[in-house]
There are 2 protein chains.
Amino acid sequence: MAAAEETDCENVPWGEVTPEAARKLLVAAVEAFAERGYHATTTRDIAGRAGMSPAALYIHYKTKEELLHRISRIGHERALEVLETASGRGGTPGERLAEAVSSFVRWHAGRHDTARVVQYELDALSDEHRAEIVALRRRSDAVVRGILREGVESGEFDVPDVPGTTLAVLSLCIDVARWFNVQGRRTPEEVGALYADLVLRMVSARR
Amino acid sequence: MAAAEETDCENVPWGEVTPEAARKLLVAAVEAFAERGYHATTTRDIAGRAGMSPAALYIHYKTKEELLHRISRIGHERALEVLETASGRGGTPGERLAEAVSSFVRWHAGRHDTARVVQYELDALSDEHRAEIVALRRRSDAVVRGILREGVESGEFDVPDVPGTTLAVLSLCIDVARWFNVQGRRTPEEVGALYADLVLRMVSARR
DNA sequence: CCCGAAGCTGAGCAAGCGCTTAGGGCCTGT
DNA sequence: ACAGGCCCTAAGCGCTTGCTCAGCTTCGGG
């Protein structure tokens, strides 16, 4: 009984944001930022989508920029978590890379509204907030670079330029958030599988 | 003598924009839009960068959105021109794909300020203007898809999903505009060569 | 039964926005 | 010499923006 009233922090999107009014505002902001962009979205629009008055926003968030920062930080943490979990599941470097790419892409496609805000609105953050986010992004980079390096050492991969290829792989995955459309023909799972195959071809040593 | 006073439309960036004041304003707008984004840029900022008063903008452009449209249209035309020229140079599908990718990437890296505006500010256009631009983008898509199809037919490529791979190749190239940095270690030429190699690996049939 | 904290709203402020207008130099054709 | 068009500026209009604040309601603890 009591458990049913609690928010399921693990499975519900943005479950970690409380109280409920703060979460409703944040979800509304993600929607609006993804649709129009941060600078084109007004605080009145966000409050309106959440069914509240403009003033309500400032009870839960100090500024509009703090809202973006909360979204960006939680989003980056989730994306990084997805990537690290996938890369830690064991197997050959090839298997780990395929798992990492397909799940990272699934996240960017399935949660493309969040991903769009997270990946394309970094410039709107304050200097300190942006620095914090950039640190998280470096960890994503390290995960992919690590897998590539291991594959090269074992001879399974042939990658002349590991940092450059890391950049390309992450860039490919991230840009899914830009073009992915729910009305489109592909499901997040299909795009994930396609991209995992393409990336494996990019790095595999010729037989 | 007379020729020296004319603007070199072929070789100078934005040479086709006249008179000079209109070009100066447009160049300033590209700078500002690339740096801060369309919505975060004010008409006063654009005019200031061009060394003119805010009102001067409205002698040459009806609205701020028309300025973005001019930039977007010319930019897309130039990018498409680069892609079509490269793909038309002849050779095997592999050679044409390598040429297309490396020159398209060189454009996105070398002119990354323009490319950033062109690729990431589409949402700010009016419906009619956006429709015009989308038509140009479909032609880019057709160029890459055509090369892939030819390579598959000749047996040089092994591409199970031609539309999906076309999307991935273009996405990879376009996203260069987001991350490329002049202060970074790589030149546009280096990134172009790296990406051409990666894309060839993605589509080539195993020997 | 009352008290204070917490959550929310209606009204509105100061600042900045896109854009307009009146007016003045300057170049060109007659 | 001078009329007429072209560029440009100073000033500012009407509106929207992010954000604030006084006051109302709700609710758990003593």
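Counting restarts for each chain: residues are numbered from 1 in the order of the written sequence. Chains carry letters from A onward and ligands carry numbers from 1 onward, assigned in written order. Reporting of local features is limited, given that this is a predicted model, to residues whose pLDDT is at least 70; pairs of side-chain atoms are given and counted only at 80 or more, and all residues count toward the totals for whole chains, interfaces and linings. Water and hydrogen atoms were dropped before computing side-chain values, which therefore reflect all heavy atoms in the structure.

1. Some thoughts on unusual backbone geometry
All names here are of chain A.
Here is step 1 of the chain: Look at the link from Thr-18 to Pro-19: it is a cis peptide, with omega at 0°.
Here is step 2 of the chain: By the criteria applied, helices consist of DSSP H or I runs no shorter than four residues and strands consist of E runs no shorter than two, each listed in order from the N terminus. Take Pro-19: it is sitting in the loop between helix H1 (2-5) and helix H2 (20-36).
Here is step 3 of the chain: Of note, Trp-14 is a non-glycine position whose phi angle comes to about 60°, a positive value.
Here is step 4 of the chain: Note on placement: Trp-14 falls in the loop between H1 and H2.

2. Examining the packing of helix H5 (residues 64-87) of chain A against helix H7 (residues 112-120) of chain A
All names here are of chain A.
Here is step 1 of the chain: Here an angle of 0 to 180 degrees is reported between the N-to-C directions of two axes, which are lines fitted to C-alpha atoms, with helices fitted over the stretch in contact. Taken N-terminus to C-terminus, the directions of H5 and H7 make an angle of 105°; their axes are 9 Å apart at the nearest point. Here H7 runs roughly perpendicular to H5, going by the angle between their axes. Seen from H5, the contacting residues are Leu-68, Ile-71, Ser-72, Gly-75 and His-76; seen from H7, they are Thr-114, Val-117, Val-118 and Gln-119.
Here is step 2 of the chain: Classifying every residue of the contact of H5 with H7 by side-chain character gives four nonpolar, five polar and no charged. Note on terminology: angles under 35 degrees are roughly parallel, angles over 145 are roughly antiparallel, angles of 65 to 115 are roughly perpendicular, and the others are oblique. Should any heavy atoms of two residues lie within 4.5 Å, those residues are counted as being in contact. All residues other than Ala, Val, Leu, Ile, Met, Phe, Trp, Tyr, Cys, Pro, Asp, Glu, Lys and Arg, Gly among them, are scored as polar; the first ten of these are nonpolar and the last four charged.

3. Brief notes about the confidence of the model for chain A
Here is step 1 of the chain: Here chain A averages 94 in pLDDT, and 95% of its residues register 70 or above.
Here is step 2 of the chain: Confidence scores per residue from the predictor, reported as pLDDT, run from 0 to 100. The model gives residues 1-6 of chain A a pLDDT under 50, and that stretch makes zero contacts with residues more than four places away or in other chains.

4. Thoughts on the protein's contact with DNA strand D
Here is step 1 of the chain: To be near a molecule or strand, a residue needs just one of its heavy atoms within 4 Å of it. Close to DNA strand D lie 16 residues, the nearest being A:Thr42, A:Arg44, A:Lys64, B:Ile59 and B:His60.
Here is step 2 of the chain: Near the protein, meaning within 4 Å, the atoms of DNA strand D are sugar or phosphate in a fraction of 50%, with bases accounting for the rest.
Here is step 3 of the chain: A distance of 2.9 Å separates a phosphate oxygen of DNA strand D from a polar atom in the side chain of B:Ser53.
Here is step 4 of the chain: Between N or O atoms, a polar contact is any pair within 3.5 Å; within protein, one atom must be a potential hydrogen donor and the other a potential acceptor, and residues adjacent in sequence are included only when both atoms are from side chains. In this structure, a phosphate oxygen belonging to DNA strand D sits 2.7 Å away from a side-chain N or O atom of B:His60.
Here is step 5 of the chain: Elements that contribute at least two residues to the surface near DNA strand D include exactly helix H3 (43-49) of chain A together with helix H4 (57-60) of chain B.
Here is step 6 of the chain: Grouping the constituent residues of the surface near DNA strand D by class yields seven nonpolar, six polar and three charged.

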